[in-house]
Amino acid sequence: MEVYLDNSATTKPAPAVVEMMTKALTEEWYNPSALYRPAMEAEKKLSSARKTCLKAAGASGQRLIFTSCGTEADNIAICGYLRSLHQPGRVLILNVEHPAVLNCAQEAERLGYSVEHIPVDHRGVADLAKLESMLGEDVRLICVMQVNNETGAIQPIEEIVRLKQRLCPKAAVHVDGVQGFLRVPFDFNKLGVDSYAFSGHKIHASKGVGALIVRKGHKVSPVIFGGGQEDGYRSGTENMPGILGMGEAVSIYPADAPAKMAALKRRLYDGLMKSIPQAVLNGPELDDPAAAPHILNVSLPPVRSQTMLFALEGDGIYVSAGSACSSHKQKVSSVLTAMGLTNAMADCALRFSLCAENTEEQIDYVIARVKAHYDLLSKYTRR
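Below: a short report on this structure. Since the model is a prediction, treat every value here as computed from it, not as a measurement. Residue numbering note: each chain is counted from 1, following its sequence as written. Only residues with pLDDT of at least 70 are given local features in this predicted model, and only at 80 or more are side-chain atom pairs given and counted; all residues enter the totals for whole chains, interfaces and linings. Values shown for side chains rest on all heavy atoms present in the structure; no hydrogens or waters enter the calculation.

1. Notes on the packing of helix α1 (residues 15–26) against helix α9 (residues 240–252)
Applied cut-off: Angles run from 0 to 180 degrees between N-to-C directions of axes, and those axes are lines fitted to C-alpha atoms, restricted for helices to the stretch in contact. Only runs of H or I of at least four residues qualify as helices and only runs of E of at least two qualify as strands under DSSP, and these elements are numbered from the N terminus. Should an angle fall under 35 degrees it is called roughly parallel, over 145 degrees roughly antiparallel, and 65 to 115 degrees roughly perpendicular, with every other angle called oblique. If you view the pair so one helix is near and one far, a crossing is left-handed when the near helix is turned anticlockwise from the far one by less than a right angle, and right-handed when it is turned clockwise. The contact criterion used is simple: two residues touch if any of their non-hydrogen atoms lie within 4.5 Å. Residue polarity follows a fixed list, in which Ala, Val, Leu, Ile, Met, Phe, Trp, Tyr, Cys and Pro are nonpolar, Asp, Glu, Lys and Arg are charged, and the others, Gly among them, are polar.
It is at 8 Å that the axes of α1 and α9 come closest, and there the two elements cross at 150°. Taken together, the axis directions place α1 and α9 in an arrangement best described as roughly antiparallel. Here the hand of the crossing between α1 and α9 comes out right-handed. Judged by residue contacts, A16, V17, M20, M21, A24 and L25 of α1 engage P241, G242, L244, G245, E248, A249 and I252 from α9. A per-class count over the contact of α1 with α9 returns ten nonpolar, two polar and one charged.

Below you can see the structure in the form of structure tokens.
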């Protein structure tokens, strides 16, 4: 049996997405900026995909910029906004953000801003009391992810926006929604955030496409220059197959997917905790409103995550030891250490991330194989 539980790294494109992209490549391959009929038909389909994505994020009536990925969307939102300002100040970034956001700090500092990191509690959720003490009229931008990619911790965006409105109303709020879009409720217009990034390949579309939603009236300078596509915010001929595929993925995403994934996550958690008493949950408890339905992070001391990962691969089970973007660097997770885990516990952590296509049979198989490997490997520890 093959079981893929690394959906936070990437998801398998849905058959309907593949069909849509194939048609775009073979029949609807025209440049949407051209003026003849087939090209204008392509532009209409691009516009329809844009509206579909905006509606799904509760952002109807706002701007949506198609990008190559979530990372580019985050960079436009952060660097593009800071470049549009002409006043110094502070940028606050949650200390467990994805590198796509964290690594924008260097550019922010080069532009003359000071960067401070918002701490989290033991669950990996933003510490609102400490954030409140950090807020002031000189804050220009607050960056907070919707869902943490390693632990599944849902961040209290509504509360953060409320604090911002009270203490620094002129500051902007950017949300990295790559791990939350469609899996956790989000209403852009209601929340009052300024920008929101997401990625196609996390929701069963293809790699190479993402988007940034920007509130109308919110200034963003381009970071890519050229022919002025996407209303001048992101030049470059649009990736029509990717965009139409992502629009299809959004339109067919099952409404019951979050509930189904939450049930599978509970089954996996209960099975692991029952069969391996030494297992420790990293992140919010499953009944905590801050727990996302599709990500489970568990430490299995004293077995190192890499050792367990390779053992499970031999059984056809694919999981992760953390963020796929940094998995080859073999470093202890900065997310877990920011939550207070020791290096030893962080070094034993596995991330299981689900999709709606996973089954109970697969989950039971994973539990059995993890226990079998743990019983053997736990007898051997590093010197």
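2. Comments concerning the sheet that holds strand β8 (residues 210–214)
To keep it simple, the criterion reads: In this analysis, strands are considered paired if DSSP registers two or more bridges between them.
Taken in spatial order, the seven strands line up as β2-β8-β7-β6-β5-β3-β4 in an open sheet, and their pairing is mixed. Whereas interior strands pair on both sides, the edge strands pair on one side only; in this sheet they are β2 (63–67) and β4 (114–118). Ignoring which end each strand starts from, the neighbouring axes of this sheet average 20° apart. By the bridge criterion, three bridges tie strand β5 (residues 139–143) to strand β6 (residues 172–176) in an arrangement that is parallel. Residue I142 lies in a different strand from β6, and its bridge partner there is V173. With respect to the sheet, helix α2 (residues 37–56) is in contact with β2, β7 (195–199) and β8, its orientation differing from that of β2 by roughly 115°.

3. Structural notes on the side chain of S275
Which entries qualify depends on this criterion: We call a residue buried when its accessible area falls under 20% of the maximum for its residue type, exposed when it is over 50%, and partly exposed in between, using a 1.4 Å probe and counting protein chains only. Any pair of nitrogen or oxygen atoms within 3.5 Å is treated as a polar contact; in protein, a donor-acceptor pairing is required on top of that, and neighbouring residues in sequence qualify only through side-chain atoms on both sides.
Here S275 lies in helix α10 (residues 257–275). Residue classification places S275 among the buried residues on the basis of a relative accessible area of 18%. There is a polar contact of 2.7 Å between the side chain of S275 and the backbone oxygen of G271. For S275, the contacting residues outside a window of four places in its chain are I367 and K371.

4. A word on the nonpolar core
Worth spelling out the cut-off: Among the buried residues, those of types Ala, Val, Leu, Ile, Met, Phe, Trp, Tyr and Cys that are joined through side-chain atoms within 4.5 Å form a nonpolar core.
Core analysis: the largest hydrophobic core is formed by 63 residues, its most contacted members being I142, V193, Y196, F198, I213 and M246. Beyond its immediate sequence surroundings of up to four residues, I142 is in contact with L92, I118, L135, I160, K164, C168, A172, V173 and H174. In terms of nonpolar packing, the next biggest core, distinct from the first, is built from 27 residues, L296, L309, F352 and V370 among them.

5. A look at the sheet that holds strand β10 (residues 295–299)
Through backbone hydrogen bonds, the strands of a sheet pair up, either in parallel or in antiparallel fashion. Taken in spatial order, the three strands line up as β9-β10-β12 in an open sheet, and their pairing is antiparallel. Of all strands in the sheet, those bounded by a partner on one side alone are β9 (280–281) and β12 (349–353). With two bridges joining them, β9 and β10 adopt antiparallel strand pairing. Considered in β10, the bridge of L281 is made with V298.

6. A closer look at α2
Our working definition: For a helix, the expected span equals 1.5 Å multiplied by the residue count minus one. In this context, the arc is that of the directions from the helix axis out to the C-beta atoms.
The terminal C-alpha atoms of α2, which comprises 20 residues, lie 29 Å apart, in line with the 28 Å expected from a rise of 1.5 Å per residue. Among the residues of α2, A39, A42, L46, A49, R50, C53 and L54 are the ones counted as buried. The buried residues of α2 occupy one face: seen down the axis, they fall within an arc of 135°. Opposite the packed face of α2, turned more than 90 degrees from it, sit the exposed residues R37, K44, K51 and K55. Buried-residue contacts for α2 involve β2, β7, β8 and α9. Phi turns positive one or two residues past the end of α2, at G58, with a value near 65°.

Such coordinate-based values are descriptive only and should not be taken to indicate function.
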